[in-house]
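Residue-level listing of the chains:
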Amino acid sequence: MSDRLHTLSGYLYEYQKSIAQPEEFWARIADSFHWRKRWNKVLKWNFEGPEVKWFDGATLNITENIFEKQLYTIGDRPAIIWEPNEPSEATRTITYRQLFHEVCRFANALKAKGIGKGDRVIIYMPMVPEAAIAMLACARIGAVHSVVFAGFSSTSLADRINNCEAKAVLTSDGNYRGNKKITVKGVVDEALEKSSVDTVIVYKRTGQETNMVSGRDFWWDEVLEGQSEENAPEEMDSEDMLFILYTSGSTGKPKGVVHTTGGYMVYTKYSFENVFQYSPGDVYWCTADIGWITGHSYIVYGPLLAGATTLMFEGVPTYPNPSRFWQVIEKHKVNVFYTAPTAIRALQAFGTEPIEGYDLSSLKVLGSVGEPINEEAWHWYHTHIGKGHCPIVDTWWQTETGGILVSPLAGITPTKPAYATLPLPGIQLCIVDTEGNELTGNSVEGNLCIKFPWPSMIRTTYGDHDRCKQTYFSTYKNMYFTGDGVKRDHDGYYRILGRVDDVINVSGHRMGTAEVENAINEHPKVIESAVVGYPHEVKGQGIYAFVICDMTNRTEENLINEIKDMVSKIIGPIAKPDKIQIVPGLPKTRSGKIMRRILRKVAEGSTDSMGDTSTLLDPEVVEKIIEGRK
Ligand code: 6R9
């Protein structure tokens, strides 16, 4: 039986089945994969531990499901089309067979360096096919990859290397991004002053001068020399770790979200095929970076498990000009295009002129991910890119969920601007009030929870299971708490309203306020700081920092610039505050808690409705903060 949903009634029918008999439902989907050993039990779970096991007792290798299972039929089909940063540089097209051989060769190279099952490997690389090859080679030999976005600083990288006690780092000499040439290996070297690994493998991308430490650092080509194109895959338990991906939360330090093998495989392929209604031969392009979960699930694993052609783009939307996305769609006849609202808004700001003259008629489906899409951007995307005939799938999910949980199925679910619409089969959503009472029926608003496991869900936070329990399973009993606010409208459609915790979503990237505050506080002149998000036209949310400083011998301007540079250096440029306001004090309650609600109002500019400030230690400080608003 096919796992593809084709009609709305088919979806509703399957959804009911998936709720009534989840184990039967997922067993049927899982049957179309290649398992070395079949499971004893489809699902074992409790959300108290939490302990969740999918396809218990089964063994497999995820890359065998991408390659060996499909090579006879689609070996010559393009697996990856790579579009470089510079439009004049040649495109690379890699077939499934070629990719298989490259993955095996690199898997053998990793083994030759003593890396094996269970070892953690950091991937800190630009958007080149070798990054995907590296991920798959790790999966092939059972090593656990942890991809770190190449825009993160050496401190962030070192924290991640240390947290997972990585054995190797895979990286590049440099990275091209728009008109910039960025040093990458230099950042790794800096990180390795604060951490250590046995092996560093460096892919030559820019050819810039690069320091190599003898005995530790090796060139990519050098380690591949003489490696065979064959590699026997490691037999993995369904619940063996596949990867760790660090993400920000309400606390100061990012946590390593752990995903395991069997369930992640089943869910990413199933959701990819159904949400995008992918047809064989279609060219699919997701513009995310592989450093984020979207890149993992919907550039690499989901599409490749489905035998799709996945386009990887090295550059940025505005280089060499704001027509680049449209030029790439025309050039590669892209059928499915998946991007973030922030990119849409940034391009929308250039008007429709950059789109003119480009043939976008290959497009069939458009996707959105990472943050709520505002109605204006939705309509612009629909009208000017989709020419009114491409369904938009607004896909809601998280690093922790592993795959898309709420989304229209393209062309099947009637869409509504700014609504992620309905849950995928198997996903049991639940809206609760702040006391944890379930809000039933339609036309309700509250916090979004999930009350039953799904195959690609987070299993633990690396090295600290209690943190996983506290963060996701303790706010509400027996439920996974997403951290998002949500509305279910009169039609039963879901609209995500944004984070209800101390997480800011900047251009689709998650930043913890505490993380940014910690970085700001590193500046010797900073006494205290408080960071909040505020509405930003392009980024969705911007970062607004209120900072108390020792101003002796300093001007405001140079202090502000120094603080911005500090954050950039400690976390990475994506965390740089958009606005910094030096304040004489912060609005604190008598018990010493900062009232962020007030700071959010100031940052938003809605200072005429401050609400109750009577519990503040010093209500006057609010007036002073309002006066100095940026
Ligand atoms: C996939 C990804 C997760 C947070 C999530 C939510 C926001 C993602 C969204 C969306 C509204 C959508 N988010 N998709 N909000 N509509 N379609 O982005 O993962 O980086 O972990 O971020 O992003 O707030 O909780 P991640």
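Treat the numbers as computed from the prediction; the structure is a model and nothing was measured.

J.: Pulling in residues and values, what's your account of the overall build of the protein chain?
T.: The helix and strand inventory of the protein chain stands at 19 helices and 30 strands. Seen through its C-alpha atoms, the protein chain measures out along the principal axes to roughly 75 × 65 × 55 Å. Among the 630 residues that make up the protein chain, the fraction classed as buried is 61%. Averaging the positions of the 66 positive and the 78 negative side-chain charges in the protein chain gives two centres separated by 1 Å.

J.: Any chance you could break down the UniProt feature "domain: AMP-binding enzyme C-terminal" (unreviewed entry) in the protein chain for me, citing the residues and the numbers?
T.: With numbering matched to this structure, UniProt assigns "domain: AMP-binding enzyme C-terminal" (unreviewed entry) to residues 515-593. In residues 515-593, helix accounts for 28% and strand for 32%; the two terminal C-alpha atoms are 17 Å from one another.

J.: Account for the site of the ligand, naming residues and giving values.
T.: Taken together, 17 residues lie around the ligand, and D394, T399, D484, R499 and R510 are the ones closest in. For the ligand, whose unbound accessible area comes to 530 Å², protein coverage reaches 96%. By residue class, the composition of the shell around the ligand is 6 nonpolar, 6 polar and 5 charged.

J.: Provide a residue-level description of the pairing of strand β9 (residues 174-177), including the pertinent values.
T.: Here β9 pairs with strand β10 (residues 180-183) via 4 bridges, running antiparallel. The partner of Y176 across the bridge, within β10, is K181. In this structure, the hairpin formed by β9 and β10 is closed by a connection of 2 residues, where G178 is found at a positive phi of approximately 60°.

J.: Outline helix α10 (residues 261-276), supporting the account with residue identities and numerical values.
T.: For α10, spanning 16 residues, the distance from its first C-alpha to its last is 23 Å, which sits close to the expected 22 Å at 1.5 Å a residue. Across the 16 residues of α10, 16 count as buried, placing the element largely inside the fold. Of the residues trailing α10, Q277 is marked for its positive phi of about 50°.

J.: Let's hear about the packing of aromatic side chains: which residues, and what values?
T.: All told, the structure shown has 42 aromatic pairs when counted by the stated rule. Note on W26 and Y267: the rings are 5.7 Å apart at their centroids and 50° apart in plane angle, and the pair reads as tilted. With W26 in helix α2 (residues 22-30) and Y267 in helix α10, the pair connects residues that are 241 residues apart, well separated along the chain. For the pair shown, W26 and Y267 are each scored as buried. Taking 5.5 Å as the distance between ring centres and 75° as the angle between the ring planes, the aromatic pair formed by W454 and Y480 counts as edge-to-face. Of the two residues, W454 sits in the loop between β22 (444-450) and β23 (460-461) while Y480 sits in strand β24 (residues 480-488), which places them 26 residues apart along the sequence.

J.: Describe unusual backbone geometry, with residues and values.
T.: Glycine aside, the phi torsion of most residues is negative, and most peptide linkages are trans. The peptide bond linking G49 to P50 adopts the cis configuration, its omega dihedral lying at -15°. Residue position: P50 is located in the loop between β1 (41-46) and β2 (51-56). Put simply, Y319 and P320 share a cis peptide bond, and its omega is 0°. Along the chain, P320 turns up in the loop between β17 (309-313) and α12 (324-332). With a phi angle near 50°, S507 is a residue other than glycine that sits in the positive phi range.

J.: Help me get a handle on the layout of surface pockets, residues and values and all.
T.: Its boundaries defined by the atoms lining it, the second largest pocket holds a volume of some 280 Å³. Y15, P423, L429, R488 and Y494 are, among the 17 residues lining the second largest pocket, the residues nearest its centre. The biggest single contributor to the lining of the second largest pocket is helix α1 (residues 8-20), with 4 residues. Split into classes, the residues belonging to the lining of the second largest pocket amount to 8 nonpolar, 5 polar and 4 charged.

J.: Give a description of a negative patch on the surface that names residues and reports values.
T.: Taken together, the side chains of D618, E620, E623 and E627 make up a negatively charged region of the molecular surface. Its location among the elements puts E623 in helix α19 (residues 620-627).

J.: Describe in detail the state of the cysteines, supporting the description with residues and values.
T.: Scanning all chains against the criterion turns up 0 disulfides. Note on C104: no disulfide assigned, nearest cysteine sulfur contributed by C138 at a separation of 14 Å. Relative accessible area serves as the criterion here: at 0%, C104 is assigned to the buried category. For C164, which is in no disulfide, the shortest distance to another cysteine sulfur is to C138 and amounts to 11 Å. Its relative accessible area of 0% is what places C164 among the buried residues.

J.: Tell me about the sheet that holds strand β18 (residues 336-339), and please be specific about residues and values.
T.: If you trace the 7 strands from one edge of the open sheet to the other, you get β5-β4-β17-β16-β18-β19-β20, paired in mixed fashion. The open sheet has two edge strands with one neighbour each: β5 (92-95) and β20 (392-395). Averaged over all adjacent pairs, the angle separating strand axes in this sheet is 20°, with direction ignored. Across the sheet, α12 touches β4 (78-83), β16 (283-286), β17 and β18, and the angle it forms with β4 is around 145°.

What counts, and at which threshold
Residues numbered from 1 in each chain as written. Predicted model: local features only at pLDDT ≥ 70, side-chain atom pairs only at ≥ 80, totals over all residues. Heavy atoms only, no water. Helix = DSSP H or I, 4+ residues; strand = E, 2+ residues; numbered from the N terminus. Buried < 20%, exposed > 50% of the residue type's maximum accessible area, 1.4 Å probe, protein only. Lys, Arg positive; Asp, Glu negative; His and termini not counted. Charge placed at Lys NZ, Arg CZ, Asp CG, Glu CD. UniProt positions renumbered as here; feature names shortened; annotations may be inferred. Near = heavy atom within 4 Å. Areas by Shrake-Rupley, 256 points an atom, 1.4 Å probe, with all protein chains shown as cover. Nonpolar A, V, L, I, M, F, W, Y, C, P; charged D, E, K, R; others polar. Pairing = 2+ DSSP bridges. Expected span 1.5 Å × (residues − 1). Phe/Tyr/Trp six-rings, centres within 6.5 Å; stacked < 30°, edge-to-face > 60°. 1 Å grid on protein atoms, 1.4 Å probe; cavity = no way out; pocket = protein on both sides within 12 Å on 5 of 7 lines; lining within 4 Å. Points joined across faces, edges and corners; volume = space filled by probe spheres on them. Patch = residues over 30% accessible without salt bridge, like charges linked within 9 Å, V, L, I, M, F, W, Y side chains within 5 Å. Salt bridge = Lys/Arg side-chain N within 4 Å of Asp/Glu carboxyl O. Disulfide = S-S within 2.5 Å. Axes fitted to C-alpha atoms, helices over the stretch in contact; angles between N-to-C directions. Contact = heavy atoms within 4.5 Å.

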